[in-house]
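Chain and residue survey
Here is how the chains run, residue by residue.
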Amino acid sequence: NCALYITSNLLIYFFKYDIGGEGWYNTYTLFNTFGGAVQILSMALIYPLMRKILSTINVFYVCIAMASVGYVVLLTISCLNMDSLVMLLVPAFFIFAANGMLCVLTTVFLANSVDYGELKNGRRDESVIFSMQTFVYKLASGVAVLIASICISTFNISKDTSEEAVTTILSNSASMGLRLTMTVLPMLILIIAVIVFSKKFVLTEKKVDEIIEKLKARKQNENVIEGTAD
């Protein structure tokens, strides 16, 4: 989430200065519209198709790889000064599709965590666990805004879209700093996410099936005990 939000917050400046031109805002709007459509499509269609051949954990790794490829392509396009909207839609597809599927996976993993918590603690804390999803979104958004603000301040990127301002930004390190912050930094965050996930997340599909069977056995035993007591 942090990775995507950093890019989203800086994207408007990328279109202002790297894409430029009189119709830059229309291009920016079309880019965002395409990204939103892809995100919804990935949640409703691409994710179910991938789940037919891959486990949830493998889908997670595929999503991280897709997003990373998208950032690499976006950085390459920006460094080569390609201003074609069609070209930009390629990295947009990878990044937004990955994020859409990751949103679904977050819900799936949280649901599995509820079962895991019940096995360990003897109670189902759905409200507490699922409230983490909203908290994570808000925390990621706050961190992304902070990083974007630091980037804008550090590289003296202004809201001025005059020809003189654009020329100044493109002629110094500001443009490259913007490109790196919205692509390389998110990739580093994704790498950290993979490392943490691979070391800490233990709820594989096999593990989840074992947990469900144990919970069923526990409930059957409780029913037997209650029946005996009656």
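Look up: the structure comes first, before these words.
Residues numbered from 1 in each chain as written. Predicted model: local features only at pLDDT ≥ 70, side-chain atom pairs only at ≥ 80, totals over all residues. Heavy atoms only, no water.

What to know about the overall build of the protein chain
Along the backbone of the protein chain there are eight helices and zero strands. Along the chain direction, N to C, the helices and strands of the protein chain fall in the order α-α-α-α-α-α-α-α. When each of the 230 residues of the protein chain is scored for burial, the buried share is 39%. Relative to all contacts within the protein chain whose residues are 6 or more apart in sequence, the contacts with residues 24 or more apart total 79%. (Helix = DSSP H or I, 4+ residues; strand = E, 2+ residues; numbered from the N terminus. Buried < 20%, exposed > 50% of the residue type's maximum accessible area, 1.4 Å probe, protein only. Contact = heavy atoms within 4.5 Å.)

Description of the packing of aromatic side chains
Scanning the entire structure with this criterion turns up 14 aromatic pairs. A centroid spacing of 5.8 Å and a plane angle of 45° characterise the contact between Tyr25 and Tyr28, whose relative ring orientation is tilted. Placement of the pair is Tyr25 and Tyr28 together in helix H2 (residues 24–51), with a separation of three residues, close to one helical turn. A relative accessible area of 46% means that Tyr25 is categorised as partly exposed. For the ring pair Phe31 and Phe96, a centre distance of 6.3 Å and an interplane angle of 70° mean the geometry is edge-to-face. Highlighted residues: Phe31 in helix H2 and Phe96 in helix H4 (residues 85–121), separated in sequence by 65 residues. (Phe/Tyr/Trp six-rings, centres within 6.5 Å; stacked < 30°, edge-to-face > 60°.)

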